[in-house]
There are 2 protein chains.
Amino acid sequence: MTNTATQTPTRANNRIGVVRDIAAELFAEKGFHETTMRDIARRAGMLPGSIYYHFPSKADLLAGVYEEGVSRLLARIDAADPGPRAEPWARLEAVMTAHVEAILDRSAYARVMIRVLPDAAPGAAARLIEARDRYEARIAEVIARLPLAPGIDRRLLRLFLLGAANHVQVWRREGGRSPAEIAVALVRLLRDPARGHG
Amino acid sequence: MTNTATQTPTRANNRIGVVRDIAAELFAEKGFHETTMRDIARRAGMLPGSIYYHFPSKADLLAGVYEEGVSRLLARIDAADPGPRAEPWARLEAVMTAHVEAILDRSAYARVMIRVLPDAAPGAAARLIEARDRYEARIAEVIARLPLAPGIDRRLLRLFLLGAANHVQVWRREGGRSPAEIAVALVRLLRDPARGHG
DNA sequence: ATTGACACCAAACAATCGTTTGTTTAATTT
DNA sequence: AAATTAAACAAACGATTGTTTGGTGTCAAT
């Protein structure tokens, strides 16, 4: 079995991944409009026009990054999720830890989804929103299992939770608390009363 | 005292306010890089070059909007704040209500501060960060008075709170919950345990 | 009446943007 | 070996960007 030719190493579709990776990094670092096709091409070692062989437009490139980002983020969530039979709050803690770790990662895909709003590229906004919803539904699934006090709106809880978690990307500095510590503190703040004896 | 000339109604510095208001609206709606000097000039009924009589650059215009935004936001917070002698949680509720109302307002100044990140305009980033810090210090002041359970990090609490509150701008739709309802729900989530009998 | 700052206009500047076009090289298929 | 296709290059396109330059009418003070 020394046959190495059967795994279809067609030269196709390898640089397209490189281009998308680089676009993800630059979109995450600088934003969509602040990143030019020339920036991406330069880092990929190719010419600006060559990108258009792989992606029909800059907006489509962003959509591709977004959708790949959701897939990767969901994969990380799935890997961290202890499953519906685990204790619900511990489950949320595990999932949120994976989330915070992902958006602070050097892998840029998750960061793009938080930094770049759908209206940055009107031509691809629908695809971006759909991808985002697909992810939020996964989080909603975990929140649905939480035993909550009556009157607590689970949708509001989800939006607050994601808002607080995603904001970490803005204020977190190297050398501070670890992503896991941050996530745990956040979940604990919701689970246990923050109020002391007043 | 019918002297109306002492209040220096020199015709100067009236359109500069209009230009800044319009810039605030467009920056809030579309973002910094997505807004052109021509967009602003058109809405102000003047020519692009004329803006440079009032502001030396686009980045400086953004800084002006930012700083005016902080001033207005602080004014609203001050007006809503019942003061340090009020019950601390009620105080936070009042202040956060004012905050959420401001960032959903048609007045665009507060919205710019949340939508446009300092690194959008490197030339003015220092001024933007300074303005933002000035505001966050005001919130920290209110949080400092809260009676909290031991082990709760007040800085983390502040960052989570602002992250969750600012995220409202992304998901809130017309006709949904009122800003006040949202703010109250958010504070209550921190003050009271969300957890039910599990 | 003259002056001088003020607040703009008119027109252009160089640079950069996303994108298109025609061509070329190298790998694969026939 | 010939034909085909994938994946790029090379070079430009028109449009738009932030900004500059020089002129102009208007108003307040002299």
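Scroll up a little and you will see the structure.
Residues numbered from 1 in each chain as written. Chains lettered and ligands numbered in written order. Predicted model: local features only at pLDDT ≥ 70, side-chain atom pairs only at ≥ 80, totals over all residues. Heavy atoms only, no water.

### As for the overall build of chain A
The number of helices and strands found in chain A is 9 helices and 0 strands. The order of α-helices and β-strands along chain A, N terminus first, is α-α-α-α-α-α-α-α-α. Considered along the principal axes of its C-alpha atoms, chain A spans approximately 65 × 50 × 35 Å. Taking all 198 residues of chain A together, 49% fall into the buried category. By sequence separation, contacts in chain A at least 24 residues apart represent 68% of the contacts at least 6 residues apart. (Helix = DSSP H or I, 4+ residues; strand = E, 2+ residues; numbered from the N terminus. Buried < 20%, exposed > 50% of the residue type's maximum accessible area, 1.4 Å probe, protein only. Contact = heavy atoms within 4.5 Å.)

### Focus: the pattern of salt bridges
Proximity of charged atoms lets side chains of opposite charge pair with each other. Considering all chains together, one arrives at 38 salt bridges over all chains under this definition. A:Arg138 is the salt-bridge partner of A:Glu141, the closest N and O atoms lying 3.9 Å from each other. Residue A:Glu141 and its partner A:Arg138 are both found in helix α7 (residues 125–144); the two are separated by 3 residues, about one turn of the helix. Judged by relative accessible area, A:Arg138 falls into the buried class, the value being 13%. Linking B:Asp78 and B:Arg138 is a salt bridge whose minimum nitrogen-to-oxygen distance equals 2.8 Å. Remark: B:Arg138 occurs in helix α7 (residues 125–144) and B:Asp78 occurs in helix α4 (residues 58–80); sequence separation between them is 60 residues. Within the structure, one salt-bridge network assembled from shared partners comprises A:Asp78, A:Asp81, A:Arg91, A:Arg138 and A:Glu141. (Salt bridge = Lys/Arg side-chain N within 4 Å of Asp/Glu carboxyl O.)

### Focus on the packing of aromatic side chains
If you walk through the whole model with that rule in mind, you get 2 aromatic pairs over all chains. Lying over the aromatic face of A:Phe32, A:Lys58 brings its terminal NZ or CZ to 4.4 Å of the ring centre. (Phe/Tyr/Trp six-rings, centres within 6.5 Å; stacked < 30°, edge-to-face > 60°. Lys NZ or Arg CZ within 6 Å of the ring centre and 35° of its normal.)

### A short note on the interface of chain B and chain A
Each partner contributes residues to the interface: chain B has 37 residues there, and chain A has 37 residues. Between chain B and chain A, roughly 3,400 Å² of surface is buried when both sides are summed, and carbon and sulfur atoms account for 67% of that area. Joining chain B to chain A, the criterion identifies 6 salt bridges. Taking the shortest distance from any N to any O, the salt bridge between B:Arg195 and A:Asp192 comes out at 3.4 Å. Linking chain B to chain A there are 7 residue pairs in polar contact (both at pLDDT 80 or more). Of all elements in the fold, only α8 (154–171) and α9 (179–191) of chain B reach the threshold of two or more residues within the side of chain B that touches chain A. When residues of the side of chain B that touches chain A are assigned to their parent elements, the largest contribution, 10 residues, is made by α8(B). In the side of chain B that touches chain A, the residues fall into 21 nonpolar, 6 polar and 10 charged. (Buried area = accessible area lost by both parts, 1.4 Å probe. Polar contact = N/O pair within 3.5 Å; in protein donor to acceptor, adjacent residues only side chain to side chain. Nonpolar A, V, L, I, M, F, W, Y, C, P; charged D, E, K, R; others polar.)

### A look at the environment of A:Arg106
Within the secondary structure, A:Arg106 sits in the loop between α5 (88–104) and α6 (109–115). A C-alpha to C-alpha distance of 8.6 Å links A:Arg106 and A:Glu25, two positions 81 residues apart in sequence.

### Some words on the relation of the copies chain B and chain A
Screw-axis analysis of chain B against chain A gives a translation of 0.0 Å along the axis, an RMSD of 0.1 Å, and a rotation angle of 180°. These values place the two chain copies in the arrangement generated by a two-fold rotation axis. Both copies present the same face, since 100% of the interface residues in chain B are matched by interface residues at the equivalent positions in chain A. (Least-squares fit on C-alpha atoms with pLDDT ≥ 70 in both.)

### A closer look at the layout of surface pockets
For the second largest pocket, the calculated volume is near 250 Å³. What lines the second largest pocket is a set of 17 residues, and nearest its centre among them are A:Ala185, A:Arg188, B:Gly151, B:Ile152 and B:Asp153. Elements represented by at least two residues in the lining of the second largest pocket include exactly α9 (179–191) of chain A together with α8 of chain B. Among the elements that line the lining of the second largest pocket, the one with the most residues is α9(A), at 5 residues. Tallied by class, the residues present in the lining of the second largest pocket amount to 11 nonpolar, 1 polar and 5 charged. (1 Å grid on protein atoms, 1.4 Å probe; cavity = no way out; pocket = protein on both sides within 12 Å on 5 of 7 lines; lining within 4 Å. Points joined across faces, edges and corners; volume = space filled by probe spheres on them.)

### Some remarks on helix α1 (residues 15–30) of chain A
Here α1(A) is 16 residues long and its end C-alpha atoms lie 22 Å apart, about the 22 Å a rise of 1.5 Å per residue gives. In the core, the buried residues of α1(A) are packed alongside α2 (37–44), α3 (51–54), α4 (58–80) and α6 of chain A. (Expected span 1.5 Å × (residues − 1).)

### Concerning the environment of B:Ala183
Residues and elements named next belong to chain B. Along the chain, alanine 183 turns up in helix α9. Along the backbone, alanine 183 and glutamate 93 are 90 residues apart, and their C-alpha atoms lie at a distance of 6.8 Å. Ignoring sequence-local partners within four residues, the contact set of alanine 183 consists of Met96, Thr97 and Val100.

### Remarks on the environment of B:Glu25
Structurally, the position occupied by B:Glu25 is in helix α1 (residues 15–30). Expressed as a C-alpha distance, the spacing of B:Glu25 and B:Ser71, which sit 46 residues apart in the sequence, is 16 Å.

### Some thoughts on the nonpolar core
Membership of the largest hydrophobic core comes to 134 residues, with the highest contact counts inside it found for A:Ile40, A:Leu61, B:Ile40 and B:Leu61. Beyond its immediate stretch of four places on either side in the chain, B:Ile40 contacts B:Val19, B:Ile22, B:Ala23, B:Leu26, B:Phe27, B:Thr35, B:Ile51 and B:Leu61. (Core = buried A, V, L, I, M, F, W, Y, C linked by side-chain atoms within 4.5 Å.)

### Notes on the packing of α8(B) against α9(B)
Residues and elements named next belong to chain B. One way to put it is that α8 packs onto α9 with a least axis distance of 11 Å and a crossing angle of 150°. When the axes of α8 and α9 are compared, the pair comes out roughly antiparallel. In terms of crossing hand, the pair formed by α8 and α9 is right-handed. Of the residues in α9, those touching α8 at Leu157, Leu161, Ala164, Ala165, Val168 and Trp171 are Ile182, Leu186 and Leu190. Its residues assigned to classes, the contact of α8 with α9 shows 9 nonpolar, no polar and no charged. (Axes fitted to C-alpha atoms, helices over the stretch in contact; angles between N-to-C directions. Parallel < 35°, antiparallel > 145°, perpendicular 65-115°, else oblique. Left-handed = near helix turned anticlockwise from the far one by under 90°.)

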